[in-house]
Amino acid sequence: MADLEGNAAAKKFHVETPAARFTQNIRGAANLDWGMQNRLSRILDPQTGRTVMLAFDHGYFQGPTSGLERIDLNIAPLAEHADAVMCTRGALRTSVPPATRAGLVLRASGGPSILKDLSDEYTAMAMADAVRINADAVAVQVFVGGEHESRSIRNLTTLVDDGYVAGVPVLGVTAVGKELVRDARYLGLATRIIAELGAQLVKTYYCEEGFEDVVAGCPVPVIMAGGKKLPELEALTMASNAVRAGAAGVDMGRNIFQSADPEAMMLAVRAVVHDDVDPADAHELFREATETRVPA
C-alpha cells in the first residue's frame, strides 16, 4: 500500500493563479480541435506561424522529374532542414526514413498525367491511410475556373469532412491552368473559396501586385508555392516578398532540389522565412556554402 504520509502538505493548487491560456500564432486555428492544432504546429512554427516546406510530390503526374530521380538519395537528406515535407504516400513509404522529424503533408488527390487534362482529378487516398502513416495534413488540388472545378471542390470538401473526424488538417492547393491568369483577383478568389469550404491551410502562387490583399482576404495561413525553377536570388527574393506580405511561409520544390546546391538553398530559404534575412544576404550565404562544397 502506498505511503500517504505527507501527501496533503505536498499538494499545491496555486489558487491565486488563473488557469493557463495556451496560445499560438497559426492563423485561424484557435477554434480547432486539440489534435488539429497539434498537427498544424508540426507544420508551422507555433511561435511565428511560419513554415518552410519541401515539396517533392511532382512525380504523381509528371513521372521522374529532374532532381527527383532518386528521392532516397537526393531528397531524404534534406528533410532535416524542412519544417515539413509534402509528398505522395508511395514516395514516403519507399524513399523517406520513418525517423524523419519534419512535419508530413500527403498528396491526397490525383488522376491524370501531364498527357491529359490535369483538372480531371479525384481523391487519391483515404483519410484512414493518412492517419495510419501519421500525416500532419493532406493536400488536395482545387481547380477554381477549371473544367472540372466542381469535382475538385467536392474532393476538397470530402477530405475536409473526413479530416474533422480524424483530426487531420487539409491543405487546399490553388491549381492554375494555362488559361488562367495568376493575378491577385484570381488568387484572392481561389484562396478564399478554399478557406470558406473548410481547408485549414492554403497553398497558392505569388503575384507581385496585390499579394498582400490575397493573404489578408484568406482567414487561414497562406503558403507560397515555389513554382518553376528560378535563379537562386530571384527565388529568395520572391520568398522574402511573400512572407513580408503576410504569407505563412513557402512550399518549394524545384527551387530547392534543382538548385546547384539544394542543402545550401534550403538553409538560405530558412534564413529568409524564419529570420527575415535580406534576400541578398541569404544569397551570399548560399554562394559561400556552394563554393565550400563544390570544388571550382
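Let us look at the structure shown here. (Residues numbered from 1 in each chain as written. Predicted model: local features only at pLDDT ≥ 70, side-chain atom pairs only at ≥ 80, totals over all residues. Heavy atoms only, no water.)

### Focus: the layout of surface pockets
What the largest pocket holds in volume is close to 840 Å³. Forming the walls of the largest pocket are 36 residues, and the residues nearest its centre are F61, L118, Q141, V176 and Y205. Only α3 (59-62), β7 (170-174), β8 (201-204) and β10 (249-252) provide two or more residues apiece to the lining of the largest pocket. In terms of residue count, the dominant contributor to the lining of the largest pocket is α3 (three residues). (1 Å grid on protein atoms, 1.4 Å probe; cavity = no way out; pocket = protein on both sides within 12 Å on 5 of 7 lines; lining within 4 Å. Points joined across faces, edges and corners; volume = space filled by probe spheres on them. Helix = DSSP H or I, 4+ residues; strand = E, 2+ residues; numbered from the N terminus.)

### Here's the deal with the environment of F13
Here F13 lies in the loop between α1 (7-10) and α2 (34-43). Under the relative-accessibility criterion, F13 is labelled exposed at 66%. Residues F13 and P262, spaced 249 residues apart in sequence, show a C-alpha to C-alpha distance of 52 Å. (Buried < 20%, exposed > 50% of the residue type's maximum accessible area, 1.4 Å probe, protein only.)

### Regarding the sheet that holds strand β9 (residues 222-225)
A barrel is described by the order of its strands in space; here eight strands give the closed sequence β1-β2-β3-β6-β7-β8-β9-β10, paired in parallel fashion. In this sheet, adjacent strand axes meet at a mean angle of 25 degrees when their direction is disregarded. Note: strand β1 (residues 51-55) against strand β2 (residues 84-87), three bridges, orientation parallel. Its bridge partner lying in β2, A55 is registered against M86. Of the strands in this sheet, β6 (137-142), β7 and β8 touch helix α8 (residues 184-196), which is tilted by about 160 degrees from β7. Where helix α12 (residues 262-275) meets the sheet, it contacts β1 and β10, and its direction lies at approximately 150 degrees from that of β1. (Pairing = 2+ DSSP bridges. Axes fitted to C-alpha atoms, helices over the stretch in contact; angles between N-to-C directions. Contact = heavy atoms within 4.5 Å.)

### Observations regarding the packing of helix α10 (residues 232-244) against α12
Two elements in contact, α10 and α12, have axes separated by 9 Å at closest approach and are oriented at 25 degrees. The angle between α10 and α12 places the two elements in the roughly parallel class. For α10 against α12, the interelement crossing comes out right-handed. Judged by residue contacts, E232, A235, L236, A239, S240 and V243 of α10 engage M265, A268, V269, V272 and V273 from α12. For the contact of α10 with α12, a count of residues per class yields nine nonpolar, one polar and one charged. (Parallel < 35°, antiparallel > 145°, perpendicular 65-115°, else oblique. Left-handed = near helix turned anticlockwise from the far one by under 90°. Nonpolar A, V, L, I, M, F, W, Y, C, P; charged D, E, K, R; others polar.)

### Quick notes on the packing of α10 against helix α13 (residues 279-293)
Any two packed helices are characterised by the angle at which their axes cross and by the distance between the axes. For the pair α10 and α13, the least separation of the axes is 9 Å and the interaxial angle reads 140 degrees. When the axes of α10 and α13 are compared, the pair comes out oblique. The interaxial crossing formed by α10 with α13 has right-handed handedness. Contacts between α10 and α13 involve E232, L233, L236, T237, S240 and R244 from the former and P279, A280, A282, H283 and F286 from the latter. A class-by-class count of the residues in the contact of α10 with α13 yields six nonpolar, three polar and two charged.

### Section: the environment of D251
Counting through the fold element by element, D251 comes out in strand β10. With relative accessibility at 2%, the residue D251 sits in the buried group. Along the chain, D251 and G145 lie 106 residues apart, while their C-alpha atoms are 23 Å from each other. Those residues in contact with D251, other than ones at most four positions away along the chain, are M53, L54, A55, M86, K203, I223, M224, A225 and G226.

### Structural notes on the nonpolar core
With 71 residues, the main nonpolar core has L54, F56, F211 and V269 as its most contacted residues. Broken down by element, the residue count for this core peaks at seven residues, all from α12. Of all hydrophobic cores here, the second largest spans 19 residues; its members include A55, A84, M86 and A137. (Core = buried A, V, L, I, M, F, W, Y, C linked by side-chain atoms within 4.5 Å.)

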